[in-house]
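What follows is the residue order along each chain.
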Amino acid sequence: GGIITQTPKFLIGQEGQKLTLKCQQNFNHDTMYWYRQDSGKGLRLIYYSITENDLQKGDLSEGYDASREKKSSFSLTVTSAQKNEMAVFLCASSPRDRGYTQYFGPGTRLLVL
Amino acid sequence: QQNVQQSPESLIVPEGARTSLNCTFSDSASQYFWWYRQHSGKAPKALMSIFSNGEKEEGRFTIHLNKASLHFSLHIRDSQPSDSALYLCAVKRTNTGKLTFGDGTVLTVKP
């Protein structure tokens, strides 16, 4: 078994602020993902990384940067927080077997004042 | 671009009922299909997957896939209050490709 840890759990920011979210996994999975979830809705892919130092844009990459520093960690930066923005950011990872089923972390809840 | 739609948006059923959730997708080249379940305030967790046309059963859960109709579904037999959650379907074209999620169905099972 393994676990995905996301920090911080809650993040309150100001409009225009640059905010960084971090994700660590100990599954030894190659691929990692960042998703955004708005108020009980579906997940939209922001960035993913197939291996260390690789970055692929998802459907929602505008306004975000990402960094895969090492195999076990994947960071997401909100480049300029938007006023009244509220969402949950979910990190996931997947192995090279079992159809690349994704395993999710508990999420970081963002509120921009 | 893949378009994934789920129906219904929400569903309330009594305990013990059979529940059916639907998912349609737009890319006929899609090959990999999942149902994820997300309890309130928790992380989504993969429930079942299917990679070829037909049916797959695991306990009280059955998944049907009909690629020609661009449709797959999840059926829950003997629904329990603990099944109350947001159910998300997800589709991708290739093994290493992007996973596209639907907006989800909120299921409530009343005791």
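As a starting point, this report considers the structure included with it.

Rules and cut-offs
- Residues numbered from 1 in each chain as written.
- Chains lettered and ligands numbered in written order.
- Predicted model: local features only at pLDDT ≥ 70, side-chain atom pairs only at ≥ 80, totals over all residues.
- Heavy atoms only, no water.
- Helix = DSSP H or I, 4+ residues; strand = E, 2+ residues; numbered from the N terminus.
- Rg over C-alpha atoms; globule rule 2.2 N^0.38 Å.
- Buried < 20%, exposed > 50% of the residue type's maximum accessible area, 1.4 Å probe, protein only.
- Contact = heavy atoms within 4.5 Å.
- Disulfide = S-S within 2.5 Å.
- Salt bridge = Lys/Arg side-chain N within 4 Å of Asp/Glu carboxyl O.

**Focus: the overall build of chain B**
Argument step 1. The helix and strand inventory of chain B stands at zero helices and eleven strands.
Argument step 2. Walking chain B from its N terminus toward its C terminus, one meets helices and strands in the order β-β-β-β-β-β-β-β-β-β-β.
Argument step 3. Its C-alpha atoms give chain B a radius of gyration of 13 Å, near enough to 13 Å, the size a compact globule of 111 residues would have.
Argument step 4. Counting over 111 residues, chain B shows a buried share of 46%.

**Structural notes on the environment of alanine 92 of chain A**
Residue and element names in this part refer to chain A.
Argument step 1. Looking at where alanine 92 falls in the secondary structure, it is placed in strand E9 (residues 86–94).
Argument step 2. Along the sequence, alanine 92 and threonine 31 sit 61 residues apart, while their C-alpha atoms lie 8.4 Å from each other.
Argument step 3. Residues within four places of alanine 92 in sequence aside, it is in contact with Ile4, Thr31, Met32, Tyr33, Tyr35, Gln102, Tyr103 and Phe104.

**A few points about the state of the cysteines**
Residues and elements named next belong to chain B.
Argument step 1. Tallying each qualifying case throughout the model produces two disulfides over all chains.
Argument step 2. One disulfide in the model links cysteine 23 with cysteine 89; its S-S distance is 2.0 Å. Taking the torsion about the S-S bond as the criterion, the cysteine 23 to cysteine 89 disulfide, at about 65°, is right-handed. Linking cysteine 23 in strand E3 (residues 19–25) with cysteine 89 in strand E9 (residues 85–92), this pair joins segments that are 66 residues apart in sequence.

**Considerations on the pattern of salt bridges**
Argument step 1. A full pass over the atoms with the stated rule returns nine salt bridges over all chains.
Argument step 2. In this structure, arginine 36 of chain A and glutamate 85 of chain A form a salt bridge, with 2.4 Å as the shortest nitrogen-oxygen distance. Taken together, the residues arginine 36 of chain A in strand E4 (residues 31–37) and glutamate 85 of chain A in the loop between strand E8 (73–78) and E9 connect sequence positions 49 residues apart.
Argument step 3. On the accessibility criterion, glutamate 85 of chain A (10% relative accessible area) is buried.
Argument step 4. Here aspartate 59 of chain A and lysine 98 of chain B are joined by a salt bridge, their closest N and O atoms 3.0 Å apart. Of this pair, aspartate 59 of chain A sits in the loop between strand E6 (56–57) and strand E7 (64–70) while lysine 98 of chain B sits in the loop between E9 and strand E10 (100–101), each in a different chain.

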